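Spelled out, the chains give:
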Amino acid sequence: MIKLTEARIEDREKAYNWLFHSDFSEFLINLEGYTKDTIPAYEEFCNEYWDFFFDGSQPENGRCYKVINSETTEEIGFIYYTAFHVKEGIAELDIWLKSLDYAGRGIGTE
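Below: a short report on this structure.

Quick look at the pattern of salt bridges
Note that side chains of opposite charge can pair when their charged atoms are close.
Here comes step 1: Scanning all chains against the criterion turns up eight salt bridges.
Here comes step 2: We note a salt bridge from R8 to E10, for which the minimum N-O separation is 2.8 Å.
Here comes step 3: In this structure, K66 and E75 form a salt bridge, with 3.0 Å as the shortest nitrogen-oxygen distance.
Here comes step 4: What makes E75 partly exposed here is its relative accessible area of 23%.
Here comes step 5: Within this structure, D11, K14, K66 and E75 form a network of salt bridges that share partners.

Below you can see the structure in the form of structure tokens.
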């Protein structure tokens, strides 16, 4: 079982590290077309994952949430939606996990 809690600004660096520097990263960066040599720096990440994803100031544009194991309270990933660059009324959802250990467990489906 999982639960979602709102991510905060102080969670952004953790999100960056799980996205680009975890054992799950190779899978994710290949999806985005990056290589290990072209991974963006944290500052570049911040230019794409703006404050509003982490402070809730523009929920109409997007928001990031922490994925938490509700039994252990361990933070196991992030999920976010973006709604400003697709058709009106449609949002894009992305999820990334902190480790491959959590892949294939139905977390995305839940």
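Some details on the nonpolar core
Here comes step 1: Formed by 24 residues in total, the largest nonpolar core has its most connected members in Y49 and W96.
Here comes step 2: When residues of this core are traced back to their parent elements, those giving at least two are helix 1 (12–20), helix 4 (51–55), strand 2 (62–69), strand 3 (75–82) and strand 4 (92–97).
Here comes step 3: Here the element with the most residues in this core is helix 1; it accounts for five residues.
Here comes step 4: Not counting the four nearest positions on each side in its chain, Y49 is found in contact with R12, L19, F54, Y80 and W96.

Notes on the environment of T5
Here comes step 1: With respect to the element layout, T5 can be found in strand 1 (residues 2–6).
Here comes step 2: Given the relative accessible area of 26%, T5 is considered partly exposed.
Here comes step 3: C-alpha separation for the pair T5 and E75, spaced 70 residues apart in sequence, amounts to 9.7 Å.
Here comes step 4: Dropping the residues within four chain positions of it, T5 is found in contact with Y65, K66 and I68.

Analysis parameters
- Residues numbered from 1 in each chain as written.
- Predicted model: local features only at pLDDT ≥ 70, side-chain atom pairs only at ≥ 80, totals over all residues.
- Heavy atoms only, no water.
- Salt bridge = Lys/Arg side-chain N within 4 Å of Asp/Glu carboxyl O.
- Buried < 20%, exposed > 50% of the residue type's maximum accessible area, 1.4 Å probe, protein only.
- Core = buried A, V, L, I, M, F, W, Y, C linked by side-chain atoms within 4.5 Å.
- Helix = DSSP H or I, 4+ residues; strand = E, 2+ residues; numbered from the N terminus.
- Contact = heavy atoms within 4.5 Å.

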